[in-house]
Structures are given as C-alpha cells and as structure tokens.
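Each chain is listed here by its residues.
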2 protein chains.
Amino acid sequence: MTPWEVKGDIDYSRLVEMFGTQNIDDKIINKFVDHTGELHRMLRRGIFYSHRDMDKVFDDIEQGRGFVMYTGRGPSGHTHLGHLMPWLFTKYLQDKFGVELYFQLTDDEKFMFNPDLTLDDTRNYAYENALDIIALGFDPEKTHIFLDTEYSNMLYRIAVKVAKKVTFNTAKAVFGFNNSTNIGSIWFTSMQAAPAFLPSVLRGKNIRCLIPCAIDQDPHFRVARDIAEGIGFLKPALIHCKMLPSLAGSDKMSASIPDTSIFTVDKPKDIKKKISNAFTGGCVSVEEQKLKGGNTDVCSVYQYLYYIFEEDDGKLEERKVKCKSGELLCGHCKQYLSDKVVTFIGAHQERREAARKKIDGFMLRDCQGE
Amino acid sequence: MTPWEVKGDIDYSRLVEMFGTQNIDDKIINKFVDHTGELHRMLRRGIFYSHRDMDKVFDDIEQGRGFVMYTGRGPSGHTHLGHLMPWLFTKYLQDKFGVELYFQLTDDEKFMFNPDLTLDDTRNYAYENALDIIALGFDPEKTHIFLDTEYSNMLYRIAVKVAKKVTFNTAKAVFGFNNSTNIGSIWFTSMQAAPAFLPSVLRGKNIRCLIPCAIDQDPHFRVARDIAEGIGFLKPALIHCKMLPSLAGSDKMSASIPDTSIFTVDKPKDIKKKISNAFTGGCVSVEEQKLKGGNTDVCSVYQYLYYIFEEDDGKLEERKVKCKSGELLCGHCKQYLSDKVVTFIGAHQERREAARKKIDGFMLRDCQGE
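Residues numbered from 1 in each chain as written. Chains lettered and ligands numbered in written order. Predicted model: local features only at pLDDT ≥ 70, side-chain atom pairs only at ≥ 80, totals over all residues. Heavy atoms only, no water.

(A) View of the packing of helix α12 (residues 268-276) of chain B against helix α16 (residues 330-355) of chain B. Residue and element names in this part refer to chain B. Remark: α12 packs on α16, axes separated minimally by 9 Å, with the N-to-C direction vectors making an angle of 150°. The orientation of α12 with respect to α16, classified from their angle, is roughly antiparallel. Read as a crossing pair, α12 and α16 show a hand that is right-handed. When α12 is examined against α16, the residues Pro-268, Ile-271, Lys-272, Ile-275 and Ser-276 are found in contact with a partner set consisting of Lys-334, Leu-337, Ser-338, Val-341, Val-342 and Ile-345. (Axes fitted to C-alpha atoms, helices over the stretch in contact; angles between N-to-C directions. Helix = DSSP H or I, 4+ residues; strand = E, 2+ residues; numbered from the N terminus. Parallel < 35°, antiparallel > 145°, perpendicular 65-115°, else oblique. Left-handed = near helix turned anticlockwise from the far one by under 90°. Contact = heavy atoms within 4.5 Å.)

(B) The pairing of strand β5 (residues 143-147) of chain B, seen in detail. Residue and element names in this part refer to chain B. When you tally the buried positions in β5, you get five out of five residues, the bulk of the element. A two-sided burial pattern is seen for β5, the buried positions comprising Thr-143, Ile-145 and Leu-147 on one face and His-144 and Phe-146 on the other. Here five bridges tie strand β4 (residues 101-105) to β5, and the two strands are oriented parallel to one another. Its bridge partner lying in β5, Gln-104 is registered against Phe-146. (Buried < 20%, exposed > 50% of the residue type's maximum accessible area, 1.4 Å probe, protein only. Pairing = 2+ DSSP bridges.)

(C) Expanded view of the interface of chain B and chain A. Across the boundary between the two partners, chain B contributes 40 residues, which contact 40 residues of chain A. Counting the surface lost from both chain B and chain A, the interface buries some 3300 Å², and carbon and sulfur atoms represent 61% of this. It is Tyr-156, Lys-164 and Ile-183 of chain B in chain B that bury the most area against chain A; as a group they hold 24% of the surface buried on that side. Inspection of the region where chain B meets chain A yields zero salt bridges. For the pair chain B and chain A, the interface holds 25 residue pairs in polar contact (both at pLDDT 80 or more). (Buried area = accessible area lost by both parts, 1.4 Å probe. Salt bridge = Lys/Arg side-chain N within 4 Å of Asp/Glu carboxyl O. Polar contact = N/O pair within 3.5 Å; in protein donor to acceptor, adjacent residues only side chain to side chain.)

(D) Highlighting a negative patch on the surface. Together, Asp-25, Asp-26, Asp-55 and Asp-59 of chain A line one region of the surface with negative charge. Mapped onto the elements of the fold, Asp-59 of chain A is located in helix α4 (residues 54-62). (Patch = residues over 30% accessible without salt bridge, like charges linked within 9 Å, V, L, I, M, F, W, Y side chains within 5 Å. Areas by Shrake-Rupley, 256 points an atom, 1.4 Å probe, with all protein chains shown as cover. Lys, Arg positive; Asp, Glu negative; His and termini not counted. Charge placed at Lys NZ, Arg CZ, Asp CG, Glu CD.)

(E) Representation of the sheet that holds strand β7 (residues 237-241) of chain A within the structure. Residues and elements named next belong to chain A. The seven strands are arranged β1-β2-β7-β6-β3-β4-β5 in an open sheet whose pairing can be described as mixed. A strand with exactly one partner marks an edge of an open sheet, and here the two such strands are β1 (22-23) and β5 (143-147). As paired strands, strand β6 (residues 208-214) and β7 are joined by five bridges and run parallel to one another. Bridge pairing in β7 links Leu-210 to Ala-237. Sheet strands in contact with helix α7 (residues 119-135) are β3 (67-73), β4 (101-105) and β5, and its direction is about 165° off that of β5. Most of the contacts of helix α10 (residues 183-203) go to β4, to which it runs at about 145°, and overall it touches β3, β4, β5 and β6.

(F) Structural detail: the packing of aromatic side chains. Residues and elements named next belong to chain A. Under the counting rule described, the total for this entry stands at 39 aromatic pairs over all chains. When the ring of Phe-48 is compared with that of Phe-89, the centres are 4.1 Å apart and the planes differ by 25°; the resulting orientation is stacked. One end of the pair, Phe-48, is in strand β2 (residues 48-52); the other, Phe-89, is in helix α5 (residues 81-97), with 41 residues separating them in the sequence. Assigned by exposure class, Phe-48 and Phe-89 land together as buried. Taking 6.0 Å as the distance between ring centres and 25° as the angle between the ring planes, the aromatic pair formed by Phe-89 and Tyr-92 counts as stacked. (Phe/Tyr/Trp six-rings, centres within 6.5 Å; stacked < 30°, edge-to-face > 60°.)

(G) Seen up close, empty space enclosed by the protein. One pass over the full model with this rule turns up four cavities of 30 Å³ or more. Computed from the structure, the largest cavity encloses a volume of approximately 120 Å³. Considering the residues around the largest cavity, the lining is formed by 17 residues, among which Thr-296, Cys-299, Tyr-302, Cys-323 and Cys-333 of chain A are closest to the centre. The element that contributes the greatest number of residues to the lining of the largest cavity is helix α14 (residues 300-309) of chain A, accounting for three residues. Considered class by class, the residues forming the lining of the largest cavity number nine nonpolar, seven polar and one charged. Of the pockets and cavities examined, the second largest cavity occupies roughly 90 Å³. Considering the residues around the second largest cavity, the lining is formed by 14 residues, among which Cys-299, Tyr-302, Cys-323, Cys-330 and Cys-333 of chain B are closest to the centre. Contributions of two or more residues to the lining of the second largest cavity are made by α14 (300-309), α15 (313-324) and α16 of chain B. Grouping the amino acids of the lining of the second largest cavity by side-chain chemistry returns nine nonpolar, three polar and two charged. (1 Å grid on protein atoms, 1.4 Å probe; cavity = no way out; pocket = protein on both sides within 12 Å on 5 of 7 lines; lining within 4 Å. Points joined across faces, edges and corners; volume = space filled by probe spheres on them. Nonpolar A, V, L, I, M, F, W, Y, C, P; charged D, E, K, R; others polar.)

(H) Region of the structure containing the environment of His-78 of chain A. All names here are of chain A. Note on placement: His-78 falls in the loop between β3 and α5. A residue is classified by how much of its surface remains accessible, and His-78, at 24% relative accessible area, is partly exposed. Considered as a pair, His-78 and Asn-124 are 46 residues apart in the sequence and their alpha carbons are 9.8 Å apart. Setting aside its immediate chain neighbours within four residues, His-78 contacts Arg-73, His-83, Tyr-125, Glu-128, Asn-129, Phe-263, Val-265 and Arg-352.

(I) How the structure looks around the side chain of Ser-152 of chain A. Along the polypeptide, Ser-152 of chain A turns up in helix α8 (residues 152-164). The exposure class assigned to Ser-152 of chain A is buried, which follows from its relative accessible area of 0%. Each residue touching Ser-152 of chain A, except ones within four places of it in the same chain, is listed here: Met-191 and Asp-366 of chain A together with Ser-152, Asn-153 and Tyr-156 of chain B.

These figures capture arrangement, not role.
Structural data, given as structure tokens:
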C-alpha cells in the first residue's frame, strides 16, 4: 500500500505491524481522559487507533514544552466526507489543547502525480478545499493554511535539507516508485516532510509536531521521522485514523468514484440519491431480511453513522441490534443517515460560503498580498 | 562525463558528437560578424565552439522577436578564472545585443550534491560569487541575479512542470545517477531548467533564451530542451565553450584543487606563486629547452594567455613560434602571464568591493526587502 492508492478490504491491525506504528493502548487513552476530561468518540470507537510517539506529545504537554499540529490535503478534487473525518478530530484536538495547526495543500503533488490535472486545476481545488477547512471552525488565530506553490520559498529551504538525506532506494521502497516515475514525484516527499519542521524554523526553537492523518499517509512521515534528528529537528509524532469507507462498501472513500462519495459541494438531492444507492448489509428482499436480519459489518450506511454521524454510542448499538434481528430495514437507516448528512452539509455549506471572506486571514504565503 | 565531474584530457570534437550539438561553423561566424561588425577572440579562437539553435537566435534578432540570456553558477566555493571566462563572453554578448540576462546561483544544488557543504555555506558563496558577476560590469538594468533558495516561489512553479515530464530513467541516463543518489539531486535538473522559461513567464509571452555555458553543462539543458515544447515554451538555445585548464596541465580548472586555480579573491603573492608553479611545456633543463624548444600544446601558461589574457593574435602566435624554437623560456612566459593576471585581478577586486553596495539592485527575490 502506498499513500496514493488504497483499495480493497483493509486489515488495520496488519498496517500497524507493517508500518511499525503503535496501537493506541490504555495508557494513551488514559492520557486523553486525564487531559480532556472525556474521550472523543473517534478514540472511543477506535477510529483513531494507531500512533507514533503520542506518549512524547503528552510528556511535552506535561513538561510545558507544548506541541503544534500539522495535517494536509492533496487537492485533486473537491473535499468529501472521508477528508473531513480526520479534520473534525484535528479541530477537536486544537480546541482541547489550544495549539497551532499548519495545514498543507499539496497542489504541487497532485499536479505531478496526476497526468490529467494542470497546476491551475490543483491550485483551484486547493482554494476550494481551504473553504472546507475554514468552515469547520478552526481557530483563525492559530490555524495557518498554505499551498506548496505559494509558500515554496519557505518550504523549499527545509525540503532541500530533507531531500539530501533520502536516497532513491528509500523513496522507491516506501512509495513503490520505479524508474519511469517522474523526478517531481520522487522529490515530493521532501515537500511533505517540510511542514513538520516549519514551526521549529519559524519559532527559532524546536517544538514537537503532531500529525493527525489517515494511516495510509504514514509512509511519508516515516521518511520524515527517519531523517528528522539528522537535520536537527524532533521526530514528528503521529496519530492515525482508519479510512471512511465508500458508499459502495468497504473501500476507502475515493474522489475518483464520485457516485460513492459525498462531497461538501453536493446538493441535497445528490446526497439523498447517493445514500439511497449505498451498499448495505441487508438481504435481497424485505421478507428475507425480516427473517435473517442484516449485517452491519459490511454496511456502508452503518459505517457512516459509526464513523461520523451517530454521536450517541447507545443509539448506535441499538441500531446494530435491531438490524441484526431483522427489525430494522435498510430504507429506514438510509433515511436516517440521509437526514443527518443533508443537515450537516447544508450547515457546512453556509459556513463554507462565509469562509470566502475569511480566507486571506488563514493563508500563509511567501509574499504578503500576492 | 556528467556536469559534476570533468577530469582528464577532453576531446571536444567527441563531446559535440556525444551530446549531439553543432559546431560553430562559418554560417554562424558570419552572423556574428554581420551583427557585431567584429569577431570576439573567443569565437576566433574556437573557445566558444559549439551550439544548439544559434541560427534560430539570429532569426529571432533579425525578425524583431529578440532573445534573452540565462547562465549560472554552482556556488560551492569562490569564483576562479575558469568561471569568469564564459561570463566575460556573456557580458560581451549583453553589450553587443543589449539583452536581459538571468543569472542563477544554485545554492540548493551545491548543498544537495556536496556532503560537506551546509546551506549557509552555499548561500554565502552565492553572495560572494554575485560580487564577481557584478564586478564584470553587467548592465544593472538588464541583469537579474538570484539564489534558488531566495527565488524558489517563482522557480518552483516552473520546476514542477519540468519535473512532471522527466523520468528517473532520463535523469539516470543523463547524469549518471544510481539508486543511492539522494532525491534532491535527482530533482535538481528541474530547478536548473526553470530559468530558461522564467523570462517567458515574467513577460507573459514566449521569448527564446540563449544559454552561454561550458560544454559540460549541456546535459542539463538537453533535458530542458526535450521537455520545453511539451510545457508550452521555446527550446532554449545554447552556445558552449571549452573549459579553462588548470595550472597543473590539461584538466578543467577545479575549485577543489586550490593550488592550481586562480581565484578572484587571491592575493598577488598567491597568484605569482601559483603561476610560478604552473605546469608548462618546457624541458627539464634550460639547456635542453634551448636545444629542443617547448610545447605550447600542453603548456598551462600558454593556455591562459590563449583563453583569456593575450588579446592580440599576433603576439600569441609569435610566442608560440619562439617557444617551439627554444628562444623563449618558461620563466619569461610565467612572468608575462603573472603580470597580466595580477593586474586583472587587482582591478577586479576593486570593482568587486564596490559591488557590495550595488548587490541589492541586481538580486531577484520572491519578496522585496527579504
């Protein structure tokens, strides 16, 4: 698995072994409870389930050194719910810990990796994505969004230091490159590593960076961690989430199959249609389902409630029981989810429009007023 | 031969064949005479001897489209005479054709390729080298010098377009990379290609770029030429010179062997000492030389006069004849060259000091006042 392709059923325990990350265990869970007085549902439900060095982040908090966060988005299209999920948790962390967040939009990456996208395309999408970020309510004083091509003066100085320490062999092994890969794609991991060190450069003093991201993005930061100390920085810490499935079933939600993903720019009727066509764990007929019950494990509608839209654990469990017993039919669940998503996206779209006026206050650019 | 390593005797005709460039023939020579009313000694003597598309540059001049120039320097140390040689010719071209010149200082390259240099080192050398460029008298209104790390916002947007079109296979074949090469070095040719297209981007209209450089730098621009039209630009033209030998004999002058190169910051006594130790074509004893004569073909002192310091063809030929006949001894030639070099460097150093005040007027940076 490379950060650019996630398909098929995902064995998340296997990824922890493969990547060499740590499961979020009771010790880390207790730290979250100690520091926030609660346990966010994405932690409770094991959606954020893996980490690197979260214990050190808590040490840094406890010893007054603090930390910053960095996450990002590859702007190859509009934002969908799969992207929003880790951002919602990142926003929660910012609220609870009051920390700065650096948000990278990799317009260079998506341009270099995708033969069909121009740099104008990826820059336009980056600005569209930025609206979604702002709409989530990140703290304007502590949130810094940047496009790689608009902040490259600052990033490039850090990226060349990363690049000097990474051989083609390493990039090849980590990202599955071959000799036909273009040299921009080979280079790119340097630009993705740079923001992990940026806050230390800007402050003139090392500070640990925590990267909340989906588990498939870990390889980029494994490279960043490997070289960090050699160029004078702290290794970034990570906290990893699972990937929101697509409405077609158990794959990661993908912007390249628009009918099975819900985008933040979708109209209510599109959302309703997509959800009404969603893959469920139901049987082929109502009669059969009433008799045998449904299977929430493979049901995308249930997954959406589980991952994002049903905050109440009790209600979620009740739904599961009723589904398995045949009491609850797919039409009902689809309607329930659809109402929640339409409401959520509707409110998001209002904040998204309002974000157009706020965007310049969030952007980091090499030159003021560009 | 790669652009980073030139050693041993160089067969310049073979390089033209190997690289697939054109010899500067009578047609091109006549164009220079037509347009300048003279023939610069570096053209007369075949020091600038190879090109790509110089005929198209003359077409562009004649048809009113004009052209711009781009050359560069890898700031891994102080400037020596081997660097100045093509710059002197570039200055001549700017004077004669009144064109803009973009001068790239690749502090990123020298940092990424050289394990022993920090980015501070290469940036400091870049500013030292810039003083030498300015000291040569380039037109302040038409000459734009930049460090890659200070102009990367502008360059990176162009470089990613180049990088998308160049595979690792190509970079490997052209530059002799292997799997242990770092990903910054692999990427770098994109940054070296970018300034060839920069003037077109800045003008919003394509204009041909002529690159005067030593022949060993051709491979970078072969890559740039290969991808130019695919990303909407004109292929850059090139005019190539031979490489000034070192004082040890027939290799290219190299900054890594300081005793056999003359630097612009050398003191008169250092210059005199280096030239007194120079390899010549003389015999082991004065008696033998008077009898057998010397060999100017292998003599570094003669080469320095030929390449830079003896403007008068008649005097140069006379010196050759007298050397071969045994009439002229090495001590005399060394003294003659030494006087010329000491005078030249002395005047250069005065202009170089004066350049410190002018430098900001020449520099292109992403952000004013950085």
